[in-house]
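Here's the letter readout for the chains.
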Amino acid sequence: MSEYHRPDAKKIQALKDIANKLRISSILATNESKSGHPTSCCSMAEIMSVLFFNTMRYTTEEPRSASADRFVLSKGHAAPILYAAWAEAGLFPEADLLNLRKLSSDLEGHPTPRLNFIDVATGSLGQGLSVAAGMAYTAKHFDKADKHYRTFCLIGDGESAEGSIWEAIAFASHYKLDNLVCIFDINRLGQSEPTSLGHDTDIYKRRMEAFGWNTTVVDGHDVEALSKVFFNAGTVKGQPTCIIAKTFKGKGCPGIEDMENWHGKALGAKGDECIEAIKAVMSNNGPFGLKPSAPTMIVPDVDITNVKLGEAPKYKKDEQIATRVAYGSALLKLGKANNRVVALDGDMKNSTYSNKFQAAFPERFIECFIAEQNMVGVGIGCATRDRTIVFMSTFSAFFTRAFDQIRIGAISQTNANFVGSHAGVSIGEDGPSQMALEDLAMFRTIPGSTVFYPSDAVSAERAVELAANTKGICFIRVSRPNTPILYECNEKFQIGKAKIVRQSDSDVVTIVASCVTLVEALKAADTLASSGVNVRVIDPFTIKPIDAATIISSARKTNGRIITVEDHYPEGGIGEAVQSAVSMEKDIIVKRLAVQEVPRSGKPAELIEKYGISANCIVKAVNQIMSQ
């Protein structure tokens, strides 16, 4: 094992000078934009100097190289000093820092992957450590490169109150992610008042040790001490490392350092005084002669494109198969076809059937336990730098608690797949807390998302295959009840292309429905046909994008009448997607059947009837719309 060698006096001074230059750059940039968080930057200047110019291995030629160390700035409001560090490393001209927060610049108020040195968006606090844990897990278990690249995450003390931070702390300890280093910037002050623990670093230390982390308290403004603890972190085995850095907000700024009411404010004229005071303690203004160290190995490229099911769906027409079961089967097939397919679970694998994948590929299955926010963050971390194809599954209802992580995932330009089971009242006796009735709405609001709602096992398998090859966030809604096989096993499916599953030349109404309500719609169609009334039935397959052309064409052939039926609340689901699709068309009316109130426990058939989405209710709706 290599021993720690203290940097020489020249390097120590250079690291101090770089820290102060980063402070100055942060003040200048935020003064120019007249907004930002310079005091939050000043507290972490030495940490950034030591990390970027003494500890981390990376290159400016390829900032997001698969072989390089990762850095996640969880306290994203301190973005100016992150930008300043990369400018100092030589990635782009320092003059660009003065374009902070301008519409014409990618140096946004909080980091986003519009920048080629940012992996994930941060700024909604409490999320960075989960993502970093996903990166570290990928290095250790998928890339087998934990001895060569490490992941560092800088966390603000204020955001450490977020429960998602502690979910991530538990996760990283459980999986012994010894290639993960988190740094708590304990600068004592939050946005509106001091944090709950202030500078009591001993409490932070005891808490982290109780969670099984190798933990050290350090003066966060001592570059020599920081150099040593970062080196030591690389020698620890079987534990993640936490560095509790005691710092002062606004460090180096007279009259501002460790004072309240300076959060999120450009320093204005006071900033000029601060810059002069900081310059007074610097030996020179650069260049300092410190450059980043290169990665120690080249991580092999991986191919996650054009992934196909290992074998086509194999179902018989007389079978009844739940789409959640088909998800498990498809995930297993994808796993056989590509060794970079990974699955994450929230202790629901025997309900989502992702346990099929676990049994075959335990080394690529991550049990995240009942911590959905962390699961989503870890999944986003695993997906960074295109190292894996990520599928995350749990009950659909439980993704709602991770909505913030999901929306930040979209800002992060992540490619991640979410599979939600037990949707709607059709789950039966478990009751409303388990019934996802707003999940379609939630995922439809995510920019760039694709929302699949397969209606049988064949289409469910194809949805999984398509999602694996689709950029952005994908959501697949799968159901608990068994449903009949509707399609031939060789049926082709496309995103944004609906299937007309029943039609005639004399159809009078178009019905749009998915999965359990599609089954009800087909029953209703049989009942109506027996009385001489023919209806057209459409399976949309994807709710976003919705197949407007097929829906409008069918409506034109059915006297402009559409009925939508969904096991979902009326807001944001199938009905509103269809209404949006036809909103600019003349003479088309849409009648929506959906769950109109908070439901209760009961048998699935009872609930479908009670809440107005059964075959009987569809027949009544058809008769009503024909009489209008």
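Residues numbered from 1 in each chain as written. Predicted model: local features only at pLDDT ≥ 70, side-chain atom pairs only at ≥ 80, totals over all residues. Heavy atoms only, no water.

## Here we look at empty space enclosed by the protein
In this approach, a probe sized like a water molecule rolls over the atoms, and the result shows the empty space that is left. For the structure shown, the criterion picks out five cavities of 30 Å³ or more. The space that makes up the largest cavity amounts to roughly 140 Å³. Together, 18 residues line the largest cavity, and Phe71, Val72, Phe117, Ile118 and Asp119 are the ones closest to its centre. Residue assignment for the lining of the largest cavity shows that the elements contributing at least two residues are β1 (70–73) and α4 (79–89). At four residues, the largest contribution of residues to the lining of the largest cavity is made by β1. Its residues assigned to classes, the lining of the largest cavity comprises 13 nonpolar, one polar and four charged. (1 Å grid on protein atoms, 1.4 Å probe; cavity = no way out; pocket = protein on both sides within 12 Å on 5 of 7 lines; lining within 4 Å. Points joined across faces, edges and corners; volume = space filled by probe spheres on them. Helix = DSSP H or I, 4+ residues; strand = E, 2+ residues; numbered from the N terminus. Nonpolar A, V, L, I, M, F, W, Y, C, P; charged D, E, K, R; others polar.)

## What to know about unusual backbone geometry
A cis geometry characterises the amide bond from glycine 286 onward to proline 287, with omega recorded as 0 degrees. By the secondary structure assignment, proline 287 is in the loop between α9 (269–280) and β6 (320–321). The omega torsion across lysine 544 and proline 545 is 0 degrees, close enough to zero to call that bond cis. Mapping proline 545 onto the fold places it in the loop between β17 (542–544) and α18 (548–557). Notably, lysine 144 is not glycine yet its phi reads approximately 55 degrees, a positive angle. Checked against the element boundaries, lysine 144 lands in the loop between α5 (128–142) and β2 (151–156). Residue cysteine 515 is not a glycine yet carries a positive backbone phi of 55 degrees.

## Here's the deal with the nonpolar core
Counting residues in each nonpolar core, the largest one holds 74 residues, and the members touching the most others are Leu129, Phe184 and Phe418. With residues up to four places along the chain from it excluded, the contact list for phenylalanine 418 reads Val376, Met392, Phe399, Ile406, Phe443, Ile473, Cys474, Phe475 and Ile476. In terms of nonpolar packing, the next biggest core, distinct from the first, is built from 63 residues, Leu15, Cys42, Ala85 and Leu290 among them. (Core = buried A, V, L, I, M, F, W, Y, C linked by side-chain atoms within 4.5 Å. Buried < 20%, exposed > 50% of the residue type's maximum accessible area, 1.4 Å probe, protein only. Contact = heavy atoms within 4.5 Å.)

## Considering the packing of helix α1 (residues 9–33) against α9
Working note: a packed helix pair is described by the angle between its axes plus the distance between those axes. Running from N to C, α1 and α9 point in directions that differ by 165 degrees, and their axes come no closer than 10 Å. Relative to α9, the element α1 is oriented roughly antiparallel. Relative to α9, α1 is oriented so that their crossing is left-handed. Of the residues in α9, those in contact with Asn20, Arg23, Ile24, Ile27, Leu28 and Asn31 of α1 are Gly271, Cys274, Ile275, Ile278 and Lys279. Classifying every residue of the contact of α1 with α9 gives six nonpolar, three polar and two charged. (Axes fitted to C-alpha atoms, helices over the stretch in contact; angles between N-to-C directions. Parallel < 35°, antiparallel > 145°, perpendicular 65-115°, else oblique. Left-handed = near helix turned anticlockwise from the far one by under 90°.)

## Description of the pattern of salt bridges
For the structure shown, the criterion picks out 32 salt bridges. Where aspartate 143 meets arginine 340, a salt bridge forms, and the shortest distance between an N and an O atom there is 2.8 Å. Here aspartate 143, found in the loop between α5 and β2, pairs with arginine 340, found in the loop between α10 (323–337) and β7 (341–345); they are 197 residues apart in sequence, far enough to count as distant. One exposure class covers both aspartate 143 and arginine 340, and it is buried. Residue lysine 205 is joined to glutamate 209 by a salt bridge in which the shortest nitrogen-to-oxygen separation is 2.5 Å. Here glutamate 209 and lysine 205 lie together in helix α7 (residues 201–210), a separation of four residues that amounts to about one turn. A relative accessible area of 37% places glutamate 209 in the partly exposed class. When salt bridges with common partners are traced through the structure, they connect Lys21, Glu88 and Glu94 into a single cluster. (Salt bridge = Lys/Arg side-chain N within 4 Å of Asp/Glu carboxyl O.)

## What to know about the pairing of strand β5 (residues 241–246)
Counting buried residues along β5, five of its six residues qualify, which places the element largely inside the surrounding structure. As judged from the six bridges shared by strand β3 (residues 180–186) and β5, these two strands associate in the parallel manner. When the sheet's bridge partners are listed, isoleucine 183 is paired in β5 with isoleucine 243. Strand direction decides the pairing type here: strand β4 (residues 214–219) and β5, joined by six bridges, are parallel. Its bridge partner being in β5, threonine 215 is matched across the sheet by cysteine 242. Once you follow β4 into helix α8 (residues 223–233) and on to β5, the crossover reads as right-handed. (Pairing = 2+ DSSP bridges. Right-handed = clockwise from strand over helix to strand, strands pointing away.)

## Some thoughts on the sheet that holds β5
Spatially, β1-β2-β3-β5-β4 is the arrangement adopted by the five strands of the open sheet, whose pairing is parallel. The two strands at the open ends of the sheet, each matched to only one other strand, are β1 and β4. Shown here is a sheet whose adjacent strand axes are inclined to one another by a mean of 20 degrees, direction ignored. The strands touched by α8 are β2, β3, β4 and β5; relative to β4, the strand with the most contacts, the crossing angle is about 170 degrees.

## Focus: the packing of aromatic side chains
One pass over the full model with this rule turns up 24 aromatic pairs. Each ring, one from tyrosine 58 and one from tryptophan 86, has its centre 5.0 Å from the other, and the planes form 65 degrees; the classification is edge-to-face. Residue tyrosine 58 is found in the loop between α3 (45–55) and β1, and its partner tryptophan 86 is found in helix α4; the two are separated by 28 residues along the sequence. Side by side, tyrosine 58 and tryptophan 86 carry an identical accessibility label, which is buried. Geometrically, the ring pair formed by tyrosine 137 and phenylalanine 171 is tilted, given 6.1 Å between the ring centres and 40 degrees between the ring planes. In this pair, tyrosine 137 sits in helix α5 while phenylalanine 171 sits in helix α6 (residues 163–174), placing the two residues 34 residues apart along the sequence. Feature note: the residues Phe52, Tyr58, Phe71, Tyr83, Trp86, Phe92 and Phe117 constitute an aromatic cluster, connected by ring pairs. The lysine or arginine in question, arginine 364, covers the ring of phenylalanine 361, its NZ or CZ lying 4.1 Å from the ring centre. The ring of phenylalanine 493 has lysine 499 lying over it, and the distance from NZ or CZ to the ring centre is 4.9 Å. (Phe/Tyr/Trp six-rings, centres within 6.5 Å; stacked < 30°, edge-to-face > 60°. Lys NZ or Arg CZ within 6 Å of the ring centre and 35° of its normal.)

## Side note on helix α17 (residues 516–530)
It helps to recall that an α-helix has 3.6 residues per turn; residues three or four apart then point in one direction. With 15 residues, α17 extends 22 Å from end C-alpha to end C-alpha; this agrees with the ideal 21 Å at 1.5 Å per step. Val516, Thr517, Leu518, Val519, Glu520, Ala521, Leu522, Ala524, Ala525 and Leu528 are the residues of α17 that are buried. Looking at the residues trailing α17, positive phi occurs at glycine 532, about 90 degrees. (Expected span 1.5 Å × (residues − 1).)

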